[in-house]
Amino acid sequence: MKELSTALRLFVVMSILTGIVYPLLVTGLAQSLFNRQANGSLITIHGQVAGSDLVGQQFDDPSYFWSRPSATSPFAYNAAASSGSNLGPTNPSLVGGKDGEGQPISGSIADRVSALKAADPAHSGSVPTDLATASGSGLDPHISIAAAEYQIARVAKARGIDEAQVQSLVQRATTPRQIGILGEPVVNVLLLNLSLNQLSK
Amino acid sequence: MDGWIQVILYFALLLVCAKPLGLYIAKVMDGEQTWLTPILGWLEKLTYRLIGTKPEQEQSWKSYAVSILLFNLIGALVVYGIQRLQGVLPINPSQLASISPDSSLNTAISFATNTNWQGYGGESTMSTLTQMFALGVQNFLSAATGIAVLVALIRGLRGKETTKLGNAWADLTRSVLYVLLPLSILLSIALVSQGVVQTFNDPAKAQLVQATTDSDGNSVTQQTIPLGPVASQVAIKQLGTNGGGYYNTNSAHPIENPTPLSNLLQCLAILLIPAALCITFGQMVKDRRQGWALLAAMTFLLAAFTIPTIFAEQSGNPAFTHAGLSSTANWEGKEARFGIASSALWATATTAASNGSVNSMHDSYTPLGGLMPMILMQLGEVVFGGVGSGLYGMLIFAIMAVFVSGLMVGRTPEYLGKKIEPFEMKMASLVILIPCCLVLLATAISLVVGAGQSSMSNPGAHGFSQLLYNYSSMGNNNGSAFAGFSANVPFHNLLGGVVMWLSRFWLIIPVLAIAGSLGRKKLVPSSSGTLPTHTPLFIGLLCSVVLIVGALTFIPALALGPIVEHLQMGGTR
């Protein structure tokens with residue numbers, strides 16, 4: 001019985017230390033050292049939160065750059081319920097053949113490719129792979145540089161502005177590899193689209 | 001090419017950091033003074049006074065085992081209780097309801113056993129209080145338990161005719177105070193600098209730039225972004241090889257793992273303590289070469305599984321280019337900022353260690369890319385493995401390896417001057433066989449009663465892979481998943497709970513029994529007939545034993561899942 005009481009007392013001490021003191025200490029440090037990051041890297045426009053640097057949003061209007069497909073439900077880029085598609089590599093719903101009515105299976109890669117082509121019939125090139133595959137989180141804020149370049153002509157046409165102008169905005173929204181070697185160079189879609197909106201004002 | 005540079009950088013950093021940390025942990029666990037003693041010594045002494053123990057009061061293996069089991073049982077019960085009462089408890093900004101009995105039980109066992117299997121989606125299920133005070137605490141305590149049991153085994157190996165294995169309470173306290181807490185504080189702050197949130201604010205509500213529609217056709221104009229004390233939890237989730245994410249998609253979530261640098265730090269943290277403990281072991285048995293030999297074996301095995309995983313994911317899915325995509329590279333389920341090599345590296349690191357956090361969705365990996373993480377778990381979580389538990393598992397395999405070589409030359413096998421006799425071999429066999437049996441039996445039972453099939457979300461061979469992966473994960477206390485599988489149903493919650501509990505504590509008991517038995521033996525001086533256990537020959541032997549046991553046990557099952565699927569995918573070329 002002495003063992004049980006020792007175990008209970010150690011559990012209480014450790015719970016206070018690791019379950020209360022530790023998270024509060026880290027919160028205090030984080031809030032004072034990195035206030036913006038600690039609170040979600042939120043973007044505020046005219047006093048209203050327009051999103052977070054870190055969390056992607058759904059775009060399907062031709063005049064915006066599109067983010068990667070998102071598998072969250074009940075709507076794409078639902079930040080309250082992150083999720084990947086978890087489709088296996090041989091699952092017909094992943095790549096997608098035709099369904100009973102001759103249309104590509106909804107939400108599949110084929111479906112996405114035909115939507116991209118429909119939005120920009122003039123474009124004949126193949127679709128960058130990341131732009132047609134769902135991210136792991138369903139909230140990926142980024143696309144590859146190739147995926148951004150694929151969309152420049154469409155966005156410029158839809159907005160009636162010069163492609164070079166859009167190109168320079170893409171460059172500004174691009175993050176290179178971190179410290180030169182880590183990760184992939186990527187374009188933040190939300191920041192890019194917000195800068196497009198600024199332009200048209 | 002850039003991907004490979006990142007992989008090399010990762011391994012280099014890991015090995016560089018392992019040595020100083022390992023030597024430091026050896027000092028801590030032997031109760032010596034370190035540079036943190038002046039800062040934290042009073043807290044350690046206060047803890048001993050509050051709980052009524054002294055570190056000099058050493059325990060026998062049975063008493064040590066009882067202490068560890070009681071302590072973990074209390075942990076599991078408290079986590080269960082908090083989840084069941086979550087709805088009426090405070091610090092619940094998203095007003096989440098209490099959790100069902102079967103899911104609470106599964107999660108309680110999952111976090112107490114260092115598995116951190118998650119049948120639930122964090123942001124939509126667990127209140128801030130539950131995350132921080134139930135799950136977060138277990139992240140520390142289950143890791144400390146692993147270190148304690150490992151250190152007890154080392155004391156048995158180095159002890160001379162003694163029944164004393166140390167004081168479990170002191171070992172737990174020291175692991176938390178001097179190792180896990182300081183490292184977690186440092187890592188948390190580094191992660192916050194990269195964008196991981198740490199706040200008690202309500203969820204942020206953002207006005208969408210372009211409104212969208214939900215699956216019922218209703219207009220959606222707002223995005224709710226759950227926040228919380230995420231960084232503090234993510235730091236210990238990685239350092240303690242726990243792996244339970246704050247958010248559903250774990251470290252794929254851009255708030256849980258925002259940048260390539262946060263990704264590197266987290267991935268390093270996964271293997272940091274397991275690697276360092278090899279050095280700790282060498283230092284504590286006063287023969288550092290022994291520790292380096294085990295670390296070399298682990299590193300070799302991890303590299304041998306990482307390289308093919310990266311190749312498999314980079315060469316990807318041949319159907320992609322047929323559908324009009326620019327490359328076959330498997331981006332499905334991966335985040336753009338990390339890239340394919342870093343995602344695949346994480347997949348093998350997290351399954352080599354019994355961590356189980358993910359930065360990409362393993363369910364969407366190519367058949368061979370998904371096969372590698374699956375095997376790494378099935379090897380018994382000894383390639384780095386969990387904090388403490390990986391090394392005590394590997395030491396059991398080392399005992400098995402000297403036994404096999406002893407059989408070949410007809411001598412009584414010895415390890416570190418201790419004769420390995422029938423009792424040790426019986427216990428070692430239990431440690432190796434129990435997880436194998438649990439995985440295969442649970443998979444088979446699920447199929448026979450139909451609960452396996454009804455939870456599969458993918459058709460064909462991949463569906464079976466999902467089931468096999470998930471019980472491989474629970475049966476080896478890993479916690480990663482082929483996450484499309486509907487695991488949060490009473491059948492899998494209960495069966496999985498049993499599997500996780502047995503594979504943790506049915507191993508800890510025989511490991512401590514071996515420690516007790518070895519401790520009582522006298523040291524035999526090594527002779528010309530003794531097999532040295534720090535040479536490349538022994539490293540090769542050890543790796544072979546690990547691989548052969550795993551392969552003999554699991555290749556038939558793997559043939560029905562990922563191997564068949566690979567052949568099917570090739571057939572679509």
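On a predicted model such as this, the values are computed, not experimentally measured, just so you know.

Visitor: Please explain the overall build of chain A as it appears in this structure.
Guide: For chain A, the helix and strand inventory stands at eight helices and five strands. Listing every helix and strand of chain A by position from the N terminus yields α-α-β-β-α-α-α-β-α-α-β-β-α. The dimensions of chain A, computed from C-alpha atoms along their principal axes, are 80 × 45 × 35 Å. Sorting the 201 residues of chain A into buried and exposed places 53% on the buried side. Residue pairs in contact within chain A that sit at least 24 positions apart in sequence constitute 53% of those at least 6 positions apart. Surface exposure of chain A reaches about 8200 Å², of which carbon and sulfur atoms provide 58%.

Visitor: What's the story with the overall build of chain B in this structure? I'm lost.
Guide: A tally of helices and strands in chain B yields 19 helices and four strands. Here the C-alpha radius of gyration of chain B, 23 Å, is about what a compact globule of 573 residues would show, namely 25 Å. Projected onto its principal axes, the C-alpha positions of chain B cover 75 × 55 × 50 Å. Looking at chain B as a whole, 66% of its 573 residues are labelled buried. For chain B, the computed accessible surface area is about 17900 Å², with 66% contributed by carbon and sulfur atoms. Within chain B, one finds 28 positive and 24 negative side-chain charges whose respective centroids are separated by 14 Å.

Visitor: Help me understand the interface of chain B and chain A in this model?
Guide: Often, the extent of an interface is quoted as the loss of accessible area on bringing the components together. Contact with chain B, which involves 111 residues of that partner, is made by 96 residues of chain A. In this assembly, chain B packs against chain A so that about 8300 Å² is buried in total across both faces, 66% of it on carbon and sulfur atoms. Taken as a group, Val209, Gln210 and Glu332 of chain B account for 8% of the area that chain B buries against chain A, more than any other trio of residues on that side. Between chain B and chain A we count one salt bridge in total.

Visitor: Explanation requested: the pairing of strand β1 (residues 42-45) of chain A in the structure shown.
Guide: The two faces of a sheet get side chains in turn, since along a regular strand they alternate between them. Residue and element names in this part refer to chain A. Pairing geometry for β1 and strand β2 (residues 48-52), over four bridges, is antiparallel. Along β2, the bridge assignment pairs Leu42 with Ser52. Counting the residues in the hairpin turn of β1 and β2 gives two residues, including His46, whose phi is positive at 50°.

Visitor: Looking at this model, I keep getting lost on the sheet that holds strand β4 (residues 174-175) of chain A. Mind explaining?
Guide: Hydrogen bonds between backbone atoms are what pair the strands of a sheet, whose relative direction is either parallel or antiparallel. Residues and elements named next belong to chain A. As summarised here, the arrangement of the three strands in space is β3-β5-β4, forming an open sheet in which the pairing is antiparallel. Every interior strand has two partners, whereas the edge strands, β3 (142-144) and β4, have only one. Examined bridge by bridge, β3 and strand β5 (residues 186-188) share three bridges and lie antiparallel to one another. Looking at β5, one finds that Ile143 is bridged to Val187. Across the sheet, helix α8 (residues 189-200) is in contact with β3 and β5; its angle to β5 comes to roughly 55°.

Visitor: Would you mind showing me how to read the nonpolar core here?
Guide: It is characteristic of soluble globular proteins that their nonpolar side chains tend to be buried jointly. With 179 residues, the main nonpolar core has Ile273, Leu391, Met394 and Tyr415 of chain B as its most contacted residues. When residues of this core are assigned to their parent elements, the largest contribution, 15 residues, is made by helix α9 (residues 260-284) of chain B. When residues of this core are assigned to domains, at least three fall in each of domain 1 (2-39) and domain 2 (44-200) of chain A. Setting aside residues no more than four positions away along its own chain, Met394 of chain B makes contact with Leu294, Ala297, Met298, Leu301, Val382, Leu542 and Val546 of chain B. In terms of nonpolar packing, the next biggest core, distinct from the first, is built from 35 residues, Tyr64, Ala147 and Leu192 of chain A together with Ala323 of chain B among them.

Visitor: I'm lost on the packing of helix α1 (residues 2-33) of chain A against helix α6 (residues 128-158) of chain B in this one. Help?
Guide: Put simply, α1 of chain A and α6 of chain B touch, their axes get as near as 9 Å, and they point 110° apart. In terms of axis orientation, α1 of chain A runs roughly perpendicular to α6 of chain B. Along this stretch, α1 of chain A crosses α6 of chain B, giving a crossing that reads as right-handed. On α6 of chain B, the residues that touch Phe11, Met14, Ser15, Thr18, Gly19, Ile20, Tyr22 and Pro23 of chain A of α1 of chain A are Met132, Phe133, Val137, Gln138, Phe140 and Leu141 of chain B. Of the residues assigned to the contact of α1 of chain A with α6 of chain B, the class counts are 10 nonpolar, four polar and no charged.

Visitor: In this structure, what is going on with α9 of chain B? I would like to understand it.
Guide: Each turn of an α-helix holds 3.6 residues, which means side chains three or four residues apart point in the same direction. Residue and element names in this part refer to chain B. Relative to the 36 Å expected for 25 residues at 1.5 Å per residue, α9 spans 36 Å between its end C-alpha atoms, a close match to the ideal helical length. Leu272 marks the point of greatest bend in α9, at about 35°, and the proline Pro274 comes within the next four residues. For α9, a buried count of 22 out of 25 residues is recorded, marking the element as mostly surrounded by other parts of the structure.

Visitor: Help me understand the environment of Leu447 of chain B, please; the structure alone is not making it clear to me.
Guide: All names here are of chain B. Residue position: Leu447 is located in helix α15 (residues 422-449). The exposure class of Leu447 is partly exposed, given its relative accessible area of 27%. Residue contacts for Leu447: discarding those within four places in its chain leaves Gly452, Gln453, Met456, Phe464 and Leu467.

Visitor: Would you take a moment to explain the environment of Gln210 of chain B for this structure?
Guide: Here Gln210 of chain B is to be found in strand β1 (residues 204-213). Between the C-alpha atoms of Gln210 of chain B and Thr128 of chain B, which are 82 residues apart in sequence, the distance is 30 Å. Those residues in contact with Gln210 of chain B that sit more than four places away from it in its chain are Gln58, Phe59, Asp60, Asp61 and Tyr64 of chain A. At a separation of 2.6 Å, a polar atom in the side chain of Gln210 of chain B contacts the side chain of Asp60 of chain A.

Visitor: I tried to follow the packing of aromatic side chains on my own but got confused; where do I start?
Guide: A ring pair, where both rings are aromatic, is described by two values, the distance of the centres and the angle of the planes. Counted according to the given criterion, the structure contains nine aromatic pairs over all chains. Centroid distance Phe11 of chain A to Phe71 of chain B: 6.2 Å. Interplanar angle 70°. Geometry classified as edge-to-face. Of this pair, Phe11 of chain A sits in helix α1 while Phe71 of chain B is found in helix α3 (residues 61-85), placing the two residues in two different chains. Like Phe11 of chain A, the residue Phe71 of chain B is buried in the burial classification. For the pair Phe71 of chain B and Trp169 of chain B, a centre-to-centre distance of 6.4 Å together with 75° between the ring planes defines the contact as edge-to-face. Of this pair, Phe71 of chain B sits in helix α3 while Trp169 of chain B sits in helix α7 (residues 168-194), placing them 98 residues apart in sequence. The class of Phe71 of chain B is buried, set by a relative accessible area of 2%. Using a relative accessible area of 3% as the deciding quantity, one classes Trp169 of chain B as buried. What links up through ring pairs into an aromatic cluster is the set Phe11 of chain A together with Phe71 and Trp169 of chain B.

Visitor: I would appreciate a short explanation of the domain arrangement of chain A in the present structure.
Guide: For chain A, the assigned domains are domain 1 (2-39) and domain 2 (44-200). Just the C-alpha atoms count here: the centres of domain 1 of chain A and domain 2 of chain A sit 40 Å apart.

Visitor: Quick question: what am I supposed to make of the packing of helix α4 (residues 101-112) of chain B against α6 of chain B here?
Guide: All names here are of chain B. Axis separation between α4 and α6 bottoms out at 8 Å; the angle between their running directions is 35°. From α4, Thr107, Phe111 and Ala112 reach across to α6, where they touch Leu135, Gln138, Asn139 and Ser142. Split by residue class, the contact of α4 with α6 holds three nonpolar, four polar and no charged.

Visitor: Can you help me understand the side chain of Thr212 of chain B in this one?
Guide: Locating Thr212 of chain B in the fold gives a position in strand β1. Residue Thr212 of chain B is classed as buried on the basis of its relative accessible area, which comes to 10%.

Visitor: Is there a simple way to think about unusual backbone geometry in this case?
Guide: Working note: non-glycine residues mostly have negative phi, and peptide bonds are mostly trans. Here the residue pair Ser73 of chain A and Pro74 of chain A is connected by a cis peptide bond, since its omega of 0° sits within 30 degrees of zero. Take Pro74 of chain A: it is sitting in the loop between β2 and α3 (92-95). In this structure, Ile91 of chain B takes a positive phi of about 50° despite not being glycine. Along the chain, the position of Ile91 of chain B falls in the loop between α3 and α4. Not every positive phi belongs to a glycine, and Thr241 of chain B is a case in point at roughly 45°.

Calculation rules
Residues numbered from 1 in each chain as written. Chains lettered and ligands numbered in written order. Predicted model: local features only at pLDDT ≥ 70, side-chain atom pairs only at ≥ 80, totals over all residues. Heavy atoms only, no water. Helix = DSSP H or I, 4+ residues; strand = E, 2+ residues; numbered from the N terminus. Buried < 20%, exposed > 50% of the residue type's maximum accessible area, 1.4 Å probe, protein only. Contact = heavy atoms within 4.5 Å. Areas by Shrake-Rupley, 256 points an atom, 1.4 Å probe, with all protein chains shown as cover. Rg over C-alpha atoms; globule rule 2.2 N^0.38 Å. Lys, Arg positive; Asp, Glu negative; His and termini not counted. Charge placed at Lys NZ, Arg CZ, Asp CG, Glu CD. Buried area = accessible area lost by both parts, 1.4 Å probe. Salt bridge = Lys/Arg side-chain N within 4 Å of Asp/Glu carboxyl O. Pairing = 2+ DSSP bridges. Axes fitted to C-alpha atoms, helices over the stretch in contact; angles between N-to-C directions. Core = buried A, V, L, I, M, F, W, Y, C linked by side-chain atoms within 4.5 Å. Domains from an automatic or database assignment. Parallel < 35°, antiparallel > 145°, perpendicular 65-115°, else oblique. Left-handed = near helix turned anticlockwise from the far one by under 90°. Nonpolar A, V, L, I, M, F, W, Y, C, P; charged D, E, K, R; others polar. Expected span 1.5 Å × (residues − 1). Bend = angle between axes of the 7 residues up to and from the residue. Polar contact = N/O pair within 3.5 Å; in protein donor to acceptor, adjacent residues only side chain to side chain. Phe/Tyr/Trp six-rings, centres within 6.5 Å; stacked < 30°, edge-to-face > 60°.

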